[in-house]
Amino acid sequence: MLQSFFVWMQGLPFSAWMLEETWASPIIQCAHLVALVGFAGAVLVVDMRLLGRGLIKTPLNQLARELDRWMIWSFVALFVTGAPQVLSTALKQYYSPFFWWKMQIIVIGLLFNFTIRRRVALAEEGTLGHWPKVVGFLSIGIWTSVSVYARLIGLLS
Amino acid sequence: MRSLFEWVDALPSSIALRESLNAYPTMLTIHVVSMCLFAGLIAYWDMRLIGFTLKKVPVSNIPTRLFPWALTGYGINLITGALLLYSQPMRYYGNFYFWAKMALMLVAGINMFWFHYATYKSVQAWDQGREIPLNARLAGVVSLVLWAAVVVTGRMMAYSGLMPGWWNNLNIGA
Ligand code: HEM
Ligand code: HEM
């Protein structure tokens, strides 16, 4: 079922075009990395603040509210530049364990962000004890492992 | 320059790194993750200067509170980058994107020092305000563009078949 979906993606004209057009894949890959930098910064500034480091003179909820859209829009850019690569290399991705780990952790990361992290970052500061630190630590861990697994798709699959 | 690269290429430690199965993936992965720490924070500093975001954060807070972290990322980035280069010098010697990346980093560095020792001196006057001097905004734009170009040339190094024709005609790698 899932396999036939990936076979279908691989067979799309768009996938063939991506593979034939010399510059298509490199440009998309570069854009994915530039988007990643934007995403990483938006996530890190808030996570470091959750850990009690970084911009401690600015209220946490103010930083979180401001950087929330940067995080969301950079994620959109990651998706837009990631999806074509999934299409054009669908079978490689299907058979790579790293790809599946990456996708699972992305889902966990998004759920974690919109249920817990955002709520903790927007809460009245000093009312949650050590929880903000735990949340900041987990968030950095989640997105770092996404990046590591992502890089390993290309290197080890 | 070429003989330096060839000399490194023949060193036993370079050969050992090159022949190790894990060294390249490990170094490249750490290179990308440390890049996120460095370039991610610098990008938001640049965008603060330009006036895109974080407008309520006093400008001078960012160098004191975020630069130590950004520099840590940069340190790891430099070390892993240098190791990658050390392990396959002759792979990169003729690579256009490698030299372009080094040149771009150099210009980004000059921009940073210039900004720091000239424009930034007057930061007290515009620390809180929303009106950032034009020079500072320009420094932000230049930095943002240059670091993005470093990321792009970094990724393009893997495409040795996609170098500009005039570069290939120089026959530097041969
Ligand atoms: C739903 C969104 C995303 C999709 C569909 C996607 C898809 C992909 C694909 C297909 C690749 C190429 C892998 C290969 O074959 O080498 C890739 C590379 C990569 N992705 Fe993503 N990605 C997404 C989001 C993210 C996120 C959120 C992060 C990090 C937080 C990330 C980090 C990376 C990294 C570091 C690479 C390796 C870059 C390189 O050197 O080429 N991606 N992504
Ligand atoms: C002296 C400093 C540096 C050296 C010697 C260096 C060297 C290298 C080398 C040898 C590679 C591997 C290319 C390949 O085999 O495909 C690489 C990749 C890369 N570098 Fe650097 N680098 C340095 C600094 C930086 C900085 C400051 C950045 C970004 C701000 C950066 C971004 C990248 C990127 C995005 C890649 C591609 C990673 C990937 O394929 O996923 N590098 N670098």
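Use the structure listed above.
Each chain carries its own residue numbering, running from 1 in the direction its sequence is written. Written order decides the labels, with chains lettered from A and ligands numbered from 1. Side-chain atom pairs in this predicted model are given and counted only at pLDDT of 80 or more, local residue features only at pLDDT of at least 70, and totals for whole chains, interfaces and linings cover all residues. Here the side-chain values reflect all heavy atoms present in the structure, with hydrogen atoms and water set aside.

A.B. asks: Kindly report on helix H4 (residues 60–88) of chain A, identifying the contributing residues and their values.
C.D. replies: Each full turn of the α-helix corresponds to 3.6 residues, which orients residues three or four apart in the same direction. For H4(A), spanning 29 residues, the distance from its first C-alpha to its last is 41 Å, which sits close to the expected 42 Å at 1.5 Å a residue. Two axes enter the definition of the bend at a residue: one is fitted to the seven residues ending there, the other to the seven starting there, and the bend is the angle between them. Numbering goes from the N terminus for both helices and strands, where a helix is a DSSP run of H or I of at least four residues and a strand is a run of E of at least two. Where H4(A) bends most, the angle comes to about 35°, and this point is Leu67(A). To estimate how far a helix should reach, multiply one less than its number of residues by 1.5 Å.

A.B. asks: Any details on the pattern of salt bridges? Residues and values, ideally.
C.D. replies: Side chains that carry opposite charge are capable of pairing whenever their charged atoms lie near each other. One side-chain nitrogen of Lys or Arg within 4 Å of one carboxyl oxygen of Asp or Glu is enough to make a salt bridge. Summed over all chains, the structure comprises six salt bridges over all chains. The partner of Arg69(A) in a salt bridge is Glu66(A), with the nearest N and O atoms 4.0 Å apart. On the criterion of helical spacing, the pair formed by Arg69(A) and Glu66(A) is a turn pair, its members being three residues apart in helix H4. Buried, partly exposed and exposed residues are distinguished by accessible area as a fraction of the type maximum, computed with a 1.4 Å probe on protein chains only: under 20%, between the cut-offs, and over 50%, respectively. Classification of Arg69(A) by relative accessible area gives partly exposed; the value is 48%. Of the charged contacts in the structure, one is a salt bridge between Arg18(B) and Asp9(B), with a shortest N-O distance of 3.1 Å. With a relative accessible area of 31%, Arg18(B) lands in the partly exposed category. Accessibility expressed as a relative area gives 22% for Asp9(B), which makes it partly exposed.

A.B. asks: Any chance you could break down the interface of chain A and chain B for me, citing the residues and the numbers?
C.D. replies: Pairs of residues are marked as contacts when any of their non-hydrogen atoms sit within 4.5 Å. Across the boundary between the two partners, chain A contributes 36 residues, which contact 33 residues of chain B. When two components associate, each loses some accessible surface as probed by a 1.4 Å sphere; the sum of these losses over both components is called the buried area. Of the roughly 3000 Å² buried between chain A and chain B, counting both surfaces, carbon and sulfur atoms make up 79%. Of all residues in chain A, Val37(A), Leu55(A) and Arg151(A) give up the largest surface area on contact with chain B, accounting jointly for 18% of the area buried on that side. For the side of chain A that touches chain B, the leading source of residues is helix H3 (residues 24–50) of chain A, giving 15 residues. Classification convention: Asp, Glu, Lys, Arg as charged; Ala, Val, Leu, Ile, Met, Phe, Trp, Tyr, Cys, Pro as nonpolar; all other residues, Gly among them, as polar. Grouping the constituent residues of the side of chain A that touches chain B by class yields 21 nonpolar, 11 polar and four charged.

A.B. asks: I'd like a description of empty space enclosed by the protein, backed by residues and values.
C.D. replies: All names here are of chain B. Of the two site types, the cavity is a set of points on a 1 Å grid over the protein atoms alone where a 1.4 Å probe fits but cannot get out, and the pocket is an open set with protein on both sides within 12 Å along at least five of seven lines, each lined by residues with an atom within 4 Å of a point. Grid points are joined across faces, edges and corners, and a volume is the space filled by probe spheres set on the points. Taken as a whole and judged by the stated rule, the model has one cavity of 30 Å³ or more. As for the largest cavity, its lining consists of Trp45, Asp46, Leu49, Ala108, Asn111, Met112, Phe115, Ala139, Gly140, Ser143 and Trp147. Taken together, the elements giving at least two residues each to the lining of the largest cavity come down to helix H3 (23–50), helix H6 (96–117) and helix H8 (134–156). Residues belonging to the lining of the largest cavity are distributed by class as follows: seven nonpolar, three polar and one charged.

A.B. asks: Give a detailed account of the environment of Ala123(A), specifying residues and quantitative values.
C.D. replies: Residues and elements named next belong to chain A. Relative to the assigned elements, alanine 123 resides in the loop between helix H6 (97–122) and helix H7 (131–156). Given a relative accessible area of 21%, alanine 123 falls into the partly exposed group. Alanine 123 sits 62 residues away from asparagine 61 along the chain, and the two C-alpha atoms are 6.8 Å apart. Excluding residues within four positions of it along the chain, alanine 123 makes contact with Asn61 and Leu128.

A.B. asks: Please set out the site of ligand 2 residue by residue, giving values where relevant.
C.D. replies: The environment of ligand 2 is formed by 26 residues, the closest being Arg151(A), Tyr24(B), His31(B), Tyr92(B) and Lys101(B). One of the side-chain N or O atoms of Tyr24(B) is found 2.6 Å from an oxygen atom in ligand 2. His31(B) has a polar side-chain atom sitting 2.8 Å from a nitrogen atom of ligand 2. Where the shell around ligand 2 is concerned, the elements lending two or more residues are H3, helix H4 (61–87), helix H5 (89–93), H6 and H8 of chain B. Broken down by element, the residue count for the shell around ligand 2 peaks at seven residues, all from H4(B). Per-class residue counts for the shell around ligand 2 are 18 nonpolar, four polar and four charged. One heavy atom suffices: a residue is near a molecule or strand as soon as one of its heavy atoms comes within 4 Å of it. We call two N or O atoms a polar contact when they sit within 3.5 Å, provided that within protein one can donate a hydrogen and the other can accept it, with sequence-adjacent residues counted only if both atoms are side-chain atoms.

A.B. asks: Pulling in residues and values, what's your account of the site of ligand 1?
C.D. replies: Ligand 1 sits among 24 residues. The nearest are His32(A), Lys92(A), Gln93(A), Lys102(A) and Arg155(B). Chains contributing residues to the immediate surroundings of ligand 1 are chains A and B. Between ligand 1 and Gln93(A) there is a distance of 2.9 Å, counted from an oxygen atom to a side-chain nitrogen or oxygen. Here Lys102(A) contributes a side-chain N or O atom positioned 2.5 Å from a nitrogen atom of ligand 1. If you list the elements that add at least two residues to the shell around ligand 1, you get H3, H4, helix H5 (90–94), H6 and H7 of chain A. Within the shell around ligand 1, the residues separate by chemical class into 14 nonpolar, six polar and four charged.

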